[in-house]
Amino acid sequence: MTDNSNINNNNDRFRHFDSMIINANVATFSKEYGFHLAKQKDDNAELYGQLFDAAIGIKDGRIAWLGAQQDIAPHLHDYSKANITDAKGGWVTPGLIDCHTHLVYAGNRSNEFEARLHGASYQDIAKQGGGIVATVQATRDASMDDLLAQSEKRLQALLAEGVTSIEIKSGYGLNLETERKMLQAARMLADKYPVHIRTTYLAAHALPAEYKARSDDYIDAVCDWMQVLHSEGLIDAVDGFCENIAFSTAQIKRVFDTARALDLPVKLHADQLSNMGGSSLVAEYQGLSSDHLEHLSEADIQQMAAHGTVAVLLPGAFYTLRDTTLPPIDTLRQYGVPMALSTDCNPGTSPLTSLLLTMNMGCTLFYLTPEEVLAGTTVHAAKALGLNNKGKIEVGCDADLVIWDIARPADLCAQMGLNPAQHVMYQGQWRT
């Protein structure tokens, strides 16, 4: 691979790029260009880590140079038109990252949407055999071809909006065979589409009917299956649902201990319906993220800050469930906890396949700023997936980029129903 530092430092550095983007305004989300995690009202740091009238040089799928348009202009004659993309004053951001999805599933749960409109609660639906368990049966019954056909429609919708990395969880199998099928489907989508897919093992999602009243036995099985599926190369991370309708902290700890023995990172669905200390638990395991967080306590936040655990906020579920308890945004800001934002794409509580709409929800429902929601779908979402070379624009990072037809970055959050993505680049190659 080309040494990017040499490209930047020798006299011929402008002649070695595979391609270039010119005449761009760039939201880098890089500390090198003034982006800060938490800003005070009197902070003069640059919003978005922004650069105006800039250009980007790309080599071997990575960003090799970033600087002023005037510096590159005298060297453009060295390149063919096919290797130069003119942003025409538009904005370039990192490729968007959807860091919490249940995208691979079969079946339909719009009946639950109707039931909630007639007054049923999340817990009521779960007790009546709906919710996660309903999708489990449909996913178990689906062939691989059917599962892929249903799932890739959802993926295509996200890719069209500039998503270049996405997490896909299992958790609608709840047996070895179907958990494997879901993870294999996610790997197959990664092979078919130009997108980076991280797979997360979420068998500790709900208690299947065959284990009724035997939740500890089921957790034993979850840990056993994890070892099998990890040996097959299907798991990138491990998740669980720590909640009063799911699993206790003691049970999740057993799952995390198995993951730690396999050197797999962990994350957790926590504090959505109640506070059971799940966020503190995942932080103690140096977890990548704790997700949902409507009932997160200050003590949990302190633990997350101490261990570098990202807070993943899911406004789609908050909206669909008509929740009224907001995540403690101001306290997360106070302790400098990175806040990521994701669709939580799933069949029941967040049937959402638009990360742009998710960003608008983050602003309107959670009172986040446009900069926070954009950081939450780029640099902080990358951290929530353990992706160190994605989510920001700086030399050495993957060239996952989007050119948007917008006047300012806030347009991506303020508009609803309009997709202004003009061109999407994944690992140095344009896909649109």
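- Per an unreviewed UniProt entry, the protein chain is named Imidazolonepropionase, and its organism is Psychrobacter aestuarii.
- In its Catalytic activity (unreviewed entry) section, the UniProt entry covering the protein chain states "4-imidazolone-5-propanoate + H2O = N-formimidoyl-L-glutamate".
- Here the protein chain is described in UniProt, under the heading Sequence similarities (unreviewed entry), as follows: "Belongs to the metallo-dependent hydrolases superfamily. HutI family."

## Overview of the UniProt feature "binding site: N-formimidoyl-L-glutamate" (unreviewed entry) in the protein chain
Here is step 1 of the chain: UniProt's feature table lists "binding site: N-formimidoyl-L-glutamate" (unreviewed entry) at Tyr172, Asn346 and Gly348, given in the numbering used throughout. Judged by maximum C-alpha separation, these annotated positions cover 177 residues in sequence but sit close together in space, the widest gap being only 12.0 Å.
Here is step 2 of the chain: In this structure, asparagine 346 sits in the loop between β13 (339-341) and α14 (355-366).
Here is step 3 of the chain: Among the residues examined, asparagine 346 registers a relative accessible area of 3% and is labelled buried.
Here is step 4 of the chain: The residues contacting asparagine 346, other than those within four sequence positions of it, are His102, Tyr105, Tyr172 and Pro351.
Here is step 5 of the chain: There is a polar contact of 2.8 Å between the side chain of asparagine 346 and the backbone oxygen of aspartate 344.
Here is step 6 of the chain: Summarising the element assignment, glycine 348 is placed in the loop between β13 and α14.
Here is step 7 of the chain: Under the relative-accessibility criterion, glycine 348 is labelled buried at 3%.

## A word on helix α5 (residues 132-141)
Here is step 1 of the chain: Buried residues of α5: Ile132, Thr135, Val136 and Thr139, and no others. Within α5, the buried residues cover an arc of 110° as seen down the axis, which keeps them to one side.
Here is step 2 of the chain: Summarising the contacts, the buried residues of α5 are in contact with α4 (122-127), α6 (144-160), α7 (176-192) and β9 (237-242).

## Structural notes on the packing of α6 against α7
Here is step 1 of the chain: Interhelical geometry of α6 versus α7 gives an angle of 55° and a closest axis separation of 10 Å. In this view, α6 runs oblique relative to α7, as classed from their interaxial angle. Both α6 and α7 take part in a crossing whose hand is right-handed. Here α6 contributes Met144, Leu147, Leu148, Ser151, Glu152 and Leu155 to the contact with α7, which in turn contributes Lys181, Met182, Gln184, Ala185, Met188, Leu189 and Lys192.

## Some words on the side chain of glutamate 161
Here is step 1 of the chain: Within the element layout of this structure, glutamate 161 appears in the loop between α6 and β7 (163-169).
Here is step 2 of the chain: Buried within the structure, glutamate 161 lacks any salt-bridge partner; its nearest side chain of opposite charge belongs to arginine 431, at an N-O separation of 9.9 Å.
Here is step 3 of the chain: Within polar-contact distance, the side chain of glutamate 161 engages the backbone nitrogen of leucine 355 at 2.9 Å.
Here is step 4 of the chain: In terms of polar contacts, glutamate 161 uses its side chain to reach the backbone amide nitrogen of leucine 356, at 3.1 Å.

## Some thoughts on the side chain of serine 279
Here is step 1 of the chain: Summarising the element assignment, serine 279 is placed in helix α10 (residues 278-284).
Here is step 2 of the chain: Owing to a relative accessible area of 0%, serine 279 belongs among the buried residues under this scheme.
Here is step 3 of the chain: Apart from residues no more than four positions distant in its own chain, serine 279 is found in contact with Ala270, Asp271, Ser290, Leu293, Leu296, Asp300 and Met304.

## Digging into the confidence of the model for the protein chain
Here is step 1 of the chain: Per-residue confidence for the protein chain gives a mean pLDDT of 93, with 95% of residues at or over 70.
Here is step 2 of the chain: Per-element mean pLDDT across the protein chain ranges from 41 in helix α1 (residues 4-9) up to 99 in strand β6 (residues 96-98).
Here is step 3 of the chain: When the criterion is pLDDT under 50, residues 1-11 qualifies, and its contacts beyond four places in sequence or with other chains add up to 19 contacts.

## A look at the sheet that holds strand β10 (residues 267-270)
Here is step 1 of the chain: If you trace the 8 strands from one edge of the open sheet to the other, you get β6-β7-β8-β9-β10-β11-β12-β13, paired in parallel fashion. The open sheet has two edge strands with one neighbour each: β6 and β13. The mean inter-strand angle of the sheet, taken between neighbouring strand axes irrespective of direction, is 25°.
Here is step 2 of the chain: Summarising the sheet, strand β11 (residues 289-292) and strand β12 (residues 310-313) pair through 3 bridges and their orientation is parallel. Within β12, the residue paired with serine 289 across the bridge is valine 310.
Here is step 3 of the chain: In the packing of helix α8 (residues 215-231) onto the sheet, contacts are made with β8 (196-204) and β9, and the angle to β8 comes to roughly 150°.

## With respect to the environment of proline 94
Here is step 1 of the chain: Residue placement: proline 94 occurs in strand β5 (residues 91-94).
Here is step 2 of the chain: Distance from proline 94 to glutamine 227, taken between C-alpha atoms, is 35 Å for residues 133 residues apart in sequence.
Here is step 3 of the chain: Proline 94 has contacts with Ala27, Thr28, Phe29, Thr378, Gly391, Lys392, Ile393, Asp400, Leu401 and Val402, leaving out every residue within four places of it along the chain.

## Here's the deal with the packing of α8 against helix α9 (residues 249-261)
Here is step 1 of the chain: Where α8 meets α9, the closest approach of the two axes is 10 Å, and the angle between their N-to-C directions is 15°. Relative to α9, the element α8 is oriented roughly parallel. With respect to the hand of their crossing, α8 and α9 are arranged in right-handed fashion. Residues Ser215, Asp216, Ile219, Asp220, Val222, Cys223, Met226 and Gln227 of α8 pack against Gln251, Arg254, Val255, Thr258 and Ala259 of α9.
Here is step 2 of the chain: The residue makeup of the contact of α8 with α9, split by class, is 6 nonpolar, 4 polar and 3 charged.

Criteria and thresholds
- Residues numbered from 1 in each chain as written.
- Predicted model: local features only at pLDDT ≥ 70, side-chain atom pairs only at ≥ 80, totals over all residues.
- Heavy atoms only, no water.
- UniProt positions renumbered as here; feature names shortened; annotations may be inferred.
- Helix = DSSP H or I, 4+ residues; strand = E, 2+ residues; numbered from the N terminus.
- Buried < 20%, exposed > 50% of the residue type's maximum accessible area, 1.4 Å probe, protein only.
- Contact = heavy atoms within 4.5 Å.
- Polar contact = N/O pair within 3.5 Å; in protein donor to acceptor, adjacent residues only side chain to side chain.
- Arc of directions from axis to C-beta.
- Axes fitted to C-alpha atoms, helices over the stretch in contact; angles between N-to-C directions.
- Parallel < 35°, antiparallel > 145°, perpendicular 65-115°, else oblique.
- Left-handed = near helix turned anticlockwise from the far one by under 90°.
- Lys, Arg positive; Asp, Glu negative; His and termini not counted.
- Salt bridge = Lys/Arg side-chain N within 4 Å of Asp/Glu carboxyl O.
- pLDDT = per-residue confidence, 0-100.
- Pairing = 2+ DSSP bridges.
- Nonpolar A, V, L, I, M, F, W, Y, C, P; charged D, E, K, R; others polar.

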